[in-house]
Amino acid sequence: MKVGMLYRQVRDQFRSADLETPDLDAKLLVSAALGTTVSNLLLMELDEAPEASAQRALEYSKERLGGMPVGRILGEREFYGLSFKLNHATLEPRPDTETLIDAVLRQCDPDQPLKMCDIGTGTGAIAVTLLDELPKAQMVAVDISADALECAAANAKSNGVGDRFLPVRADYADPLQEGFDWVVSNPPYIRTQVLDELSAEVTKHDPNLALDGGADGLDAYRRIVARAAVILVPGGRIALEIGYDQAGELKNQLRHHGFEAIDIIQDLGGRDRVATARRV
């Protein structure tokens, strides 16, 4: 089978199944099965696909049609131009979280030696990306899961920032002391009662610990904001990914704990996605 025919077969299956991004999913899976890049796939249109690679692509297709996300099938996910390995204890990084990266970078000088903390680091996507963009920064990456921290540390090393990445196993930032310039986090913020309404791709493959934000979805924010008010230096900043309807309550929490210059930033879809603020 020609490579072009293989790609179109997988793509058409995904289109028929009404997947959200059928063409992209097909490109990612077929190129991975062939051991090549997405950009190189078009150049291989008329090449004969090795039988083992074609069979692997069809197996990937079957898994995708069964509801497994592309990142889980391949065991890794691209985020902000970097590659991140996944495991059972980590949330799959998503493009919406890049809004948080952009928000932080707009307020940072890459020549400054910043001390940063990522609470609930998971794959380390936020922490590693910021270290990659801010060459003089140091990052304390906190997670309660040892398996998540192992994954994050491996991602830091593979992306060339392992020497500035310090994994710490802890419940939120409870053991950390004052001295941080930034606290960043993409915490669990889904209301417990609506978890069952999420797509099977999320509920079956992402860890519940990274999703469940309690009855009102704000449990994690209460702890993070309260602790950030202690560990940030005066003038230090916080950046949090938020749910689309949580900005109002989060502003109240930030003000209560002495934060100012609160800004709510929208993602590309126009939904509230990130809150930033400065400690007084």
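Owing to the predicted nature of the structure, the values given are computational and were not obtained by experimental measurement.

Caption draft 1: Local environment of the sheet that holds strand 4 (residues 138-143). The seven strands are arranged 5-4-3-6-7-9-8 in an open sheet whose pairing can be described as mixed. Lying at the two open borders of the sheet, with one neighbouring strand each, are strand 5 (165-169) and strand 8 (259-266). Taking each pair of neighbouring strands and ignoring which way they run, the sheet shows an average axis angle of 15°. Helix 10 (residues 219-231) rests against strand 3 (115-119), strand 6 (180-185), strand 7 (232-241), strand 8 and strand 9 (272-279) of the sheet, and its axis sits at about 160° to strand 7.

Caption draft 2: Quick look at the environment of Leu 105. Relative to the assigned elements, Leu 105 resides in helix 6 (residues 98-106). Expressed as a C-alpha distance, the spacing of Leu 105 and Gln 55, which sit 50 residues apart in the sequence, is 43 Å. Look past the residues within four positions of Leu 105 in its chain and what remains in contact with it is Tyr 80, Leu 130, Glu 133 and Leu 134.

Caption draft 3: Main features of the packing of helix 1 (residues 3-16) against helix 4 (residues 51-65). Axis separation between helix 1 and helix 4 bottoms out at 10 Å; the angle between their running directions is 10°. By the angle class used here, helix 1 and helix 4 are roughly parallel. Contacts between helix 1 and helix 4 involve Leu 6, Gln 9, Val 10, Gln 13 and Phe 14 on the former and, on the latter, Ala 54, Ala 57, Leu 58, Ser 61, Arg 64 and Leu 65. For the contact of helix 1 with helix 4, the class distribution of residues is seven nonpolar, three polar and one charged.

Caption draft 4: Quick look at the pattern of salt bridges. Counted by the stated rule, this structure contains 17 salt bridges. Residue Arg 223 is joined to Asp 171 by a salt bridge in which the shortest nitrogen-to-oxygen separation is 3.2 Å. With a gap of 52 residues between them, Arg 223 in helix 10 and Asp 171 in the loop between strand 5 and strand 6 connect regions that are remote in the sequence. By relative accessible area, which is 34% here, Arg 223 ends up partly exposed. Across the pair Arg 222 and Asp 216 runs a salt bridge, and its minimum N-O distance is 2.4 Å.

Caption draft 5: Examining helix 4 more closely. With 15 residues, helix 4 extends 21 Å between its outermost C-alpha atoms, agreeing within 8% with the 21 Å of an ideal straight helix rising 1.5 Å per residue. Every buried residue of helix 4 is listed here: Ser 53, Ala 54, Ala 57, Tyr 60, Ser 61 and Arg 64. Projected down its long axis, helix 4 shows its buried positions confined to an angular sector of 120°, all on one face. Across helix 4 from its buried face, at more than 90 degrees, point the exposed residues Glu 51, Ala 52 and Lys 62. Looking one or two residues past helix 4, Gly 67 carries a phi angle of roughly 105°, positive in sign.

Caption draft 6: View of the environment of Glu 92. Among the secondary structure elements, Glu 92 is positioned in the loop between strand 2 (82-85) and helix 6. Relative accessible area serves as the criterion here: at 4%, Glu 92 is assigned to the buried category. There is a polar contact of 2.7 Å between the side chain of Glu 92 and the side chain of Arg 77.

Caption draft 7: Focus on the pairing of strand 9. Within strand 9, six of the eight residues are buried, which leaves the element mostly enclosed by the surrounding structure. The pairing of strand 7 with strand 9 spans five bridges and is antiparallel. If you follow Arg 237 over to strand 9, its bridge partner there is Arg 278. Relative to strand 9, strand 8 runs antiparallel, the two being bridged by six bridges. Counted as the bridge partner of Glu 260 is Arg 278 from strand 9. The hairpin turn running from strand 8 into strand 9, its antiparallel successor, is five residues long, and Gly 270 in that turn takes a positive phi close to 80°.

Calculation rules
Residues numbered from 1 in each chain as written. Predicted model: local features only at pLDDT ≥ 70, side-chain atom pairs only at ≥ 80, totals over all residues. Heavy atoms only, no water. Pairing = 2+ DSSP bridges. Helix = DSSP H or I, 4+ residues; strand = E, 2+ residues; numbered from the N terminus. Axes fitted to C-alpha atoms, helices over the stretch in contact; angles between N-to-C directions. Contact = heavy atoms within 4.5 Å. Parallel < 35°, antiparallel > 145°, perpendicular 65-115°, else oblique. Nonpolar A, V, L, I, M, F, W, Y, C, P; charged D, E, K, R; others polar. Salt bridge = Lys/Arg side-chain N within 4 Å of Asp/Glu carboxyl O. Buried < 20%, exposed > 50% of the residue type's maximum accessible area, 1.4 Å probe, protein only. Expected span 1.5 Å × (residues − 1). Arc of directions from axis to C-beta. Polar contact = N/O pair within 3.5 Å; in protein donor to acceptor, adjacent residues only side chain to side chain.

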